[in-house]
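Examination of the molecular architecture
Residue strings, one per chain:
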Amino acid sequence: MQDSNEMRLEFDSRSCNEGFARVAVAAFLTQLNPTLEEVADVKTALSEAVTNCIVHGYAGAVEKILVHCRIEGNIIEIRVIDHGCGISDIEKAMEPLFTTKPEEDRAGMGFAFMEAFMDQVEVLSEPGKGTTVIMKKKIENPAGKFAD
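So, here is what we can say about the structure in this document. (Residues numbered from 1 in each chain as written. Predicted model: local features only at pLDDT ≥ 70, side-chain atom pairs only at ≥ 80, totals over all residues. Heavy atoms only, no water.)

**A closer look at the environment of E48**
Its place among the elements puts E48 in helix α2 (residues 36–57). Of the residues examined, E48 reaches a relative accessible area of 21% and is grouped as partly exposed. Sequence spacing of E48 and F113 is 65 residues, and the spatial spacing of their C-alpha atoms is 7.4 Å. For E48, the residues in contact, after removing those within four places along its chain, are G110, F113 and M114. (Helix = DSSP H or I, 4+ residues; strand = E, 2+ residues; numbered from the N terminus. Buried < 20%, exposed > 50% of the residue type's maximum accessible area, 1.4 Å probe, protein only. Contact = heavy atoms within 4.5 Å.)

**Examining the sheet that holds strand β1 (residues 4–12)**
Reading across from one edge, β1-β2-β3-β5-β4 is the order of the 5 strands in this open sheet, with antiparallel pairing throughout. Unpaired on one side and paired on the other, β1 and β4 (120–126) mark the two borders of the sheet. Within the sheet, the average angular offset between the axes of one strand and its neighbour, ignoring direction, is 10 degrees. Where strand β2 (residues 64–72) lies against strand β3 (residues 75–82), 8 bridges are found, and the strand directions are antiparallel. Along β3, the bridge assignment pairs H68 with R79. Against the sheet, helix α1 (residues 16–29) touches β1, β2 and β3, its axis set at about 170 degrees to β1. Each of β1, β2, β3 and β5 (130–138) touches α2; the most contacted strand, β3, lies at about 15 degrees to it. (Pairing = 2+ DSSP bridges. Axes fitted to C-alpha atoms, helices over the stretch in contact; angles between N-to-C directions.)

Put into structure tokens, the structure is as follows:
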């Protein structure tokens, strides 16, 4: 038996696909037998990351979003990747209530929610090349994993 498992999704940056990503990642996570609260936390953080790609990374243009999930031991790592405009000031972008789109009634809480619901959040970005959000969460009482 291996101690890790992974999957990748690639989908169009359309808001209707945010729900698909949530369900797919939640289904992948079930192999660790998470609590309902742990599943809800992961789904909420993922929603925020995918929405950031759609709204900010691609500014509504239809491009590709990649979600890469890896389970190692009892930790799930989720990478949400876009090849959009990137973030010039990551520290500023991660401040609660900061938004680049106030005219669209954006709350500026996406990164704050990710940090609240996940154990670790890291943002890598380069202007003009895109952004990768790496989120990790430890599942407290994992059950039988990776049945072959």
